[in-house]
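# Inside the fold
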Amino acid sequence: MNGQPHIVVEAVSHHYRPPVGRAVLALESVSLEVREREFVALLGPSGCGKSTLLYLIGGFLPTETGKILVEGKPVAGPGPDRGIVFQNFALFPWKTVLKNVLYGLERQAMPREEREARAQAFIDLVGLSGFEQSYPSQLSGGMKQRTAIARALAFDPRTLLMDEPFGALDAQTRSLMQSELLAIWEKTRKTVIFVTHDVEEAVFLAERVAVMSARPGRIKAVIDTRFAKSDRDVRRTKPFMDKVEELWSLVREEALKALQGTHPRSADALRAAHHFGGRLGDGVAARPGVVDDVAVAQRRSAGLDRSGQLGRSDSQRLRLALPHRQRPCARNRGGRRTRHLHGKLASP
Ligand SMILES: Nc1ncnc2c1ncn2[C@@H]1O[C@H](COP(=O)(O)OP(=O)(O)OP(=O)(O)O)[C@@H](O)[C@H]1O
Ligand SMILES: [Mg+2]
C-alpha cells in the first residue's frame with residue numbers, strides 16, 4: 001500500500017460543447033483513486049477521454065459533474081503542485097529550450113544560478129545538452145517532447161500528469177526515458193498519472209493500470225501491474241507477458257467498439273486504427289474503407305510515418321477543449337494566447 005488517496009476522481013462526467021455542432025459526452029461517471037506516490041497508467045482507445053481526464057485533474061478544464069480532489073481539496077485550476085506534459089508539448093515557440101525549462105522555475109524563490117543549474121541538469125537528463133539555445137522550431141518532435149518533460153520535472157511538482165509523453169520518441173530513446181522516469185519516480189516518489197497507448201509501457205512503468213472504455217470514457221477495469229522494475233529482464237518473464245496480454249484483450253475490445261460505433265472513415269475510426277492498427281482483427285481491418293486507414297496506422301505504429309504522431313486534429317481539439325484564455329498553440333501563432341496557458345501552468 002502506498003498511503004492515503006492523493007487524487008480522488010468521483011463520478012466525473014464531461015461534455016464538450018463546441019460553438020458549432022452537437023455536445024459530445026467525453027467522460028461518463030468516471031471514478032478513480034490514486035494513492036500518494038503511486039504510479040498509475042491510463043490506457044484506452046483513441047478518443048475515449050484520457051486527455052480530458054488529465055486536463056480536469058490538472059485544472060485546465062472545469063469539473064462540471066462529480067468532483068475531483070487533490071490532496072483533499074477540490075481542483076479549482078492549474079497549480080504548481082501538478083506538472084503536466086501535454087500531448088502536443090505546448091512549448092513557448094519564442095523561447096529557447098533553456099528558457100522553456102527555466103519557465104516553471106522562475107516563479108520559485110530560488111537564486112538565479114541555482115535555477116539555471118537545475119534547468120541544465122534536467123536538460124542533460126533528457127539528452128538535450130548542446131541544444132539549450134535552440135528554439136522549438138529547430139527541434140525534432142522527440143526533442144520537443146523531451147523539452148516538455150524537462151520543463152515538467154524541473155519545478156519538482158508533487159504530481160506529474162503525463163499525456164503520452166514518450167509518443168514521439170524513437171524506441172531506443174523511449175526505453176531510456178522510461179528507465180529515467182522510473183528512477184526519478186523511485187527517488188522522488190511523485191504521484192504519477194501517465195497516459196499511454198503502449199500496453200507494455202503501461203505494465204512496465206505503472207503500479208496499476210486503469211483501462212478506459214470507448215467514448216464516453218468510463219473506467220472499465222483497474223489492473224494491478226506491480227513487477228520488480230529493477231529486474232532488467234522483467235519484460236521477458238511469463239507473468240509480465242501474461243499481464244500484457246490480459247490488458248491487450250481489454251483494450252482491444254474497446255478499440256473495436258470505437259471502430260464499430262463510428263463510420264469507418266470517421267476521425268475516431270482513423271485514430272483507433274492508428275493506435276491499434278497492428279492489433280486489429282482481420283475482420284475489422286478488411287472492412288471497406290478501413291483498409292487504407294489501417295495500412296497508414298500500421299506504418300505509423302511501426303514508426304515509419306512520424307507525421308502521424310501529432311495529428312493536426314489533436315492540436316485543434318486541445319485548443320477547442322480549453323476556455324479561450326487558456327488555449328495553447330502548438331505552432332507559433334504569435335504569443336498571447338499561449339502565454340495565458342502557461343501563465344496558468346505555473347501560477348498557483
Ligand atoms: N474541443 C472538443 N470539442 C468537441 N469534442 C471534443 C473536444 N475535445 C475532445 N472532444 C471529444 O472528446 C473525446 C475525448 O477526447 P480526448 O482528447 O480526451 O481523447 P483521448 O482519449 O485523449 O484520445 P487520444 O488517444 O486520441 O489522444 C473525443 O472522442 C472527442 O470526440
Ligand atoms: Mg489524448
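Quick caveat: nothing in here was measured; it's all calculated off a predicted structure.

Further remarks concern the overall build of the protein chain. Of regular secondary structure, the protein chain possesses 12 helices and 10 strands. A buried classification covers 42% of the 348 residues belonging to the protein chain. Long-range pairs, those at least 24 residues apart, make up 67% of the contacts in the protein chain with a sequence separation of at least 6.

In this model, helix H3 (residues 112-125) (14 residues) spans 20 Å end to end at C-alpha, consistent with the 20 Å of a helix rising 1.5 Å per residue. Backbone geometry just after H3 places glycine 127 at a positive phi near 75°.

For the rest of this paragraph, the subject is the nonpolar core. By size, the foremost hydrophobic cluster in this structure holds 78 residues, and its most contacted members are Leu43 and Ile57. Looking at this core element by element, the count peaks at seven residues for helix H4 (residues 141-154). Each residue touching isoleucine 57, except ones within four places of it in the same chain, is listed here: Ile7, Val9, Ile68, Val75, Leu161 and Ile193.

Another aspect to go through is unusual backbone geometry. The omega torsion of the bond from arginine 215 to proline 216 falls at 0°, within 30 degrees of zero and hence cis. Look at serine 29: it is not a glycine, yet its phi comes out positive at around 50°. Mapping serine 29 onto the fold places it in strand S2 (residues 24-35). Residue serine 29 is classed as partly exposed on the basis of its C-beta count, with 14 C-beta atoms lying within 10 Å. Residue aspartate 156 is not a glycine yet carries a positive backbone phi of 55°. As for its position among the elements, aspartate 156 is in the loop between H4 and strand S7 (159-163). We classify aspartate 156 as partly exposed; it has 16 C-beta atoms within 10 Å.

Read from one edge to the other, the open sheet built from six strands follows the order S6-S7-S8-S3-S9-S10, with strand pairing classed as mixed. Of all strands in the sheet, those bounded by a partner on one side alone are strand S6 (82-85) and strand S10 (219-224). Each strand axis lies, on average, 15° off the axis of its neighbour in the sheet, ignoring direction. As paired elements, strand S9 (residues 208-212) and S10 share five bridges and run antiparallel to each other. Paired with valine 209 across the two strands is isoleucine 223, which belongs to S10. In the packing of H4 onto the sheet, the strands contacted are S6 and S7, and the crossing angle to S6 comes to about 180°.

With antiparallel pairing, four strands are arranged side by side in an open sheet as S2-S1-S4-S5. For this open sheet the edge positions go to S2 and strand S5 (73-74), each flanked by a neighbour on one side alone. Here strand S4 (residues 65-70) pairs with S5 via two bridges, running antiparallel. In the sheet register, leucine 69 faces S5, and the bridge partner there is proline 74. Taken strand by strand, helix H1 (residues 50-58) contacts strand S1 (5-16), S2 and S4, and its axis lies near 120° from that of S1.

Attention now goes to the pairing of strand S3 (residues 39-43). Among the five residues of S3, five are classified as buried, and the element is accordingly described as predominantly covered. Going residue by residue along S3, you find Phe39, Ala41 and Leu43 tucked away on one face and Val40 and Leu42 tucked away on the opposite face as well. Sheet analysis places S3 next to strand S8 (residues 191-195), joined by four bridges and oriented parallel. Paired with valine 40 across the strands is isoleucine 193, a residue of S8. Where S3 and S9 come together, four bridges link them in parallel fashion. Bridging from a neighbouring strand, valine 40 pairs with arginine 208 of S9.

This paragraph deals with the confidence of the model for the protein chain. When pLDDT is low, close inspection of the predicted coordinates is not appropriate. Counting all residues, the mean pLDDT for the protein chain is 78, and 74% of those residues have values of 70 or more. Across residues 272-348, where pLDDT falls below 50, the model places 109 contacts with residues more than four positions away in sequence or in other chains.

The subject of this paragraph is helix H5 (residues 171-188). Its 18 residues place the ends of H5 25 Å apart at the C-alpha level, agreeing with the 26 Å of an ideal helix rising 1.5 Å per residue. Among the residues of H5, Met177, Leu181 and Trp185 are the ones counted as buried. Looking down the long axis of H5, one finds its buried residues gathered within 75° of arc, a one-sided arrangement. Along H5, the residues that are exposed and aim more than 90 degrees away from the buried face are Gln172, Glu186 and Lys187. Looking at the buried side of H5, the elements it contacts are S3, S8 and helix H6 (199-205). One or two positions beyond H5, positive phi appears at arginine 189, with a value near 50°.

Running from N to C, helix H2 (residues 97-106) and H4 point in directions that differ by 25°, and their axes come no closer than 7 Å. By the criterion of interaxial angle, the relationship of H2 to H4 is roughly parallel. In this structure, the crossing between H2 and H4 has a hand that is right-handed. Counting all contacts with H2, which are made through Val97, Asn100, Val101, Tyr103, Gly104 and Leu105, the residues of H4 involved are Thr147, Ala150, Arg151 and Ala154. In terms of residue class, the contact of H2 with H4 is built from six nonpolar, three polar and one charged.

About the criteria used
For every chain, the first residue of the written sequence is number 1, and numbering continues from 1 onward in sequence order. Whichever chain is written first becomes A and whichever ligand is written first becomes 1, with later ones labelled in order. Confidence filtering applies because this is a predicted model: local features only for residues at pLDDT of at least 70, side-chain atom pairs given and counted only at 80 or more, and all residues used for totals across whole chains, interfaces and linings. Helix and strand assignments come from DSSP, with helices taken as H or I runs of at least 4 residues and strands as E runs of at least 2, each series counted from the N terminus. Between the buried cut of 20 or more and the exposed cut of 12 or fewer other C-beta atoms within 10 Å of a residue's own C-beta lies the partly exposed class, and all C-beta atoms are placed from the backbone. We call two residues in contact if the C-beta atoms placed from their backbones are at most 7 Å apart. Multiplying 1.5 Å by the helix residue count minus one yields the expected span of that helix. Take the buried Ala, Val, Leu, Ile, Met, Phe, Trp, Tyr and Cys residues, join any whose C-beta atoms are within 7 Å, and the set you get is a nonpolar core. Only when DSSP finds a minimum of two bridges between them are two strands counted as paired. Helix axes are fitted only over the stretch in contact, all axes being lines through C-alpha atoms; the angle between N-to-C directions runs from 0 to 180 degrees. Confidence per residue, as judged by the predictor, is encoded in pLDDT with a range of 0 to 100. Comment: arc refers to directions from the helix axis out to C-beta atoms. Oblique is the label for every angle not falling under 35 degrees (roughly parallel), over 145 degrees (roughly antiparallel), or within 65 to 115 degrees (roughly perpendicular). The hand of a helix crossing depends on one turn: near helix anticlockwise from the far one by less than a right angle means left-handed, and clockwise means right-handed. Following the grouping adopted for this structure description, the nonpolar residues are Ala, Val, Leu, Ile, Met, Phe, Trp, Tyr, Cys and Pro, the charged ones are Asp, Glu, Lys and Arg, and the polar ones are all others, Gly among them.

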